[in-house]
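Structural overview for review
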Amino acid sequence: MGGTRILILGGTTEARRLAAALAARADLDVILSLAGRTIDPAPQPVPVRTGGFGGAEGLARYLKDKQINLLIDATHPFAARISANAVDAAGRSGIAAFALRRTAWLPIEGDRWRAVHSVAEAIAALDPSPRRVFLAIGRQEAHRANDAPVHHYWVRSVDPVEPVLTVPDVTYIHAKGPFRLEDELAMLREYRIDAVVAKNSGGDATYAKIEAARQLGIEVIMVERAQVAGLPAVETIEAALHRIDHLASSLMKRGV
Ligand code: NAP
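All of the points below concern the structure found in this document. (Residues numbered from 1 in each chain as written. Predicted model: local features only at pLDDT ≥ 70, side-chain atom pairs only at ≥ 80, totals over all residues. Heavy atoms only, no water.)

Axes are the key here: two packed helices are described by the angle between their axes and the distance separating the axes. Where helix 1 (residues 13-22) contacts helix 7 (residues 237-253), the axes come no closer than 10 Å and their chain directions differ by 45°. Overall, the two elements helix 1 and helix 7 adopt an arrangement that is oblique. The two elements helix 1 and helix 7 meet at a crossing, and its hand is right-handed. Contacts between helix 1 and helix 7 involve Glu 14, Arg 17, Leu 18, Ala 21 and Leu 22 on the former and, on the latter, Ile 237, Ala 240, Leu 241 and Ile 244. Looking at the contact of helix 1 with helix 7 residue by residue, the class counts come to seven nonpolar, no polar and two charged. (Axes fitted to C-alpha atoms, helices over the stretch in contact; angles between N-to-C directions. Helix = DSSP H or I, 4+ residues; strand = E, 2+ residues; numbered from the N terminus. Parallel < 35°, antiparallel > 145°, perpendicular 65-115°, else oblique. Left-handed = near helix turned anticlockwise from the far one by under 90°. Contact = heavy atoms within 4.5 Å. Nonpolar A, V, L, I, M, F, W, Y, C, P; charged D, E, K, R; others polar.)

Turning our attention to the site of the ligand. Near the ligand, the surroundings consist of 23 residues, among which Gly 10, Ser 33, Arg 37, Phe 53 and Lys 199 are the closest. Take Gly 54: an N or O atom from its main chain is 2.9 Å from an oxygen atom of the ligand. One nitrogen or oxygen atom from the main chain of His 76 is found 2.9 Å from an oxygen atom belonging to the ligand. Notes on the ligand: free accessible area 810 Å², of which the protein chains cover 81%. At the level of secondary structure, the elements contributing two or more residues to the shell around the ligand comprise strand 2 (28-34) and helix 3 (80-93). Within the shell around the ligand, the residues separate by chemical class into seven nonpolar, twelve polar and four charged. (Near = heavy atom within 4 Å. Polar contact = N/O pair within 3.5 Å; in protein donor to acceptor, adjacent residues only side chain to side chain. Areas by Shrake-Rupley, 256 points an atom, 1.4 Å probe, with all protein chains shown as cover.)

Quick look at the packing of aromatic side chains now. Any pair of aromatic rings gets described here by the distance separating the centres and the angle formed by the planes. Within this structure, the stated rule accounts for three aromatic pairs. Seen from their ring centres, Phe 53 and Tyr 62 are 5.2 Å apart, and the 65° between their planes marks the pair as edge-to-face. Their ring planes at 55° and their centres at 5.4 Å tell us that Trp 105 and Tyr 207 sit as a pair that is tilted. One end of the pair, Trp 105, is in the loop between strand 5 (96-100) and strand 6 (113-116); the other, Tyr 207, is in the loop between strand 10 (195-199) and helix 6 (208-216), with 102 residues separating them in the sequence. Across the pair, exposure class does not vary: Trp 105 and Tyr 207 are buried alike. The ring of Phe 53 carries the charged tip of Arg 49 above its face, separated from the ring centre by 3.9 Å. If you follow Arg 156 out to its NZ or CZ, it ends over the ring of Phe 179, 3.6 Å from the centre. (Phe/Tyr/Trp six-rings, centres within 6.5 Å; stacked < 30°, edge-to-face > 60°. Buried < 20%, exposed > 50% of the residue type's maximum accessible area, 1.4 Å probe, protein only. Lys NZ or Arg CZ within 6 Å of the ring centre and 35° of its normal.)

As a further point, take the side chain of Ser 157. Within the element layout of this structure, Ser 157 appears in strand 8 (residues 152-157). According to the relative accessible area criterion, Ser 157 is buried, its value standing at 5%. Only 2.6 Å separates the side chain of Ser 157 from the backbone oxygen of Asp 159, close enough to count as a polar contact.

Here we come to helix 2 (residues 55-65). The α-helix winds at 3.6 residues per turn, so residues separated by three or four positions along the chain end up facing the same way. Listing the buried residues of helix 2 in full gives Ala 56, Gly 58, Leu 59, Ala 60, Tyr 62 and Leu 63. Of the residues one or two after helix 2, Gln 67 is the one with positive phi, at around 50°.

Spelled out as structure tokens, the structure:
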């Protein structure tokens, strides 16, 4: 067996970047876990396993079977179930664990944000009169727009939305970040968008739409994160690497 065995729960740019920073380390064995939702996932720099574990119990079993020493939750801030499972499984297994979690965006001068706490609430927050809405919340919850069919929607996702929405006026845009400010400005102008619905994901890759909305004076209905007790978190790859080094050296000293 090699060195410290690390399981990264991924599906984010940060998880891929962290894996890339660890890939060449001879003292670590790294496995990246993906849910398997994306049809054509980006190539990963370390071995990958795909699909659910079967709840917290399944994850705890996997950690034991694979003799994982360190669990890193680097999933998306809105992937609440897997993060709760990570807390539970790490507790059951008694192994070291932490989260790599981007900080949420904060509104700055010029932003016109309305904070809501779910995608359903965001759709309900649109006025009753027809609006031109850019929906940038991923494909899984796009169907919430069906509750307000009066609006015109432009729905952006990596993979196709299935089943398609039942609203009469919808355009699907398939694209994968990162997105550039000039492209977001051009898109919002071209479609004459007057409301953006977004999740407060944090990070750089999808921030351009928020900046573009600010520049154009467009309202953003911002779905904020739920406040849940998770694993102790770091916010940057550098901090994650620092913590990994610390944990790996203490495991080595203990002869684990
Ligand atoms: P979720 O609701 O928290 O998780 C649902 C179930 O999917 C989990 O209970 C788990 O199944 C499985 N799962 C989730 N992430 C996994 C992973 N990395 N490896 C193995 N199994 C995983 O998650 P979600 O919101 O559907 O997100 C799924 C994936 O997409 C995550 O990897 C996340 O990082 C990524 N993602 C999510 C969003 C978002 O807005 N939610 C945005 C971008 C990327 P079992 O219980 O069977 O283990």
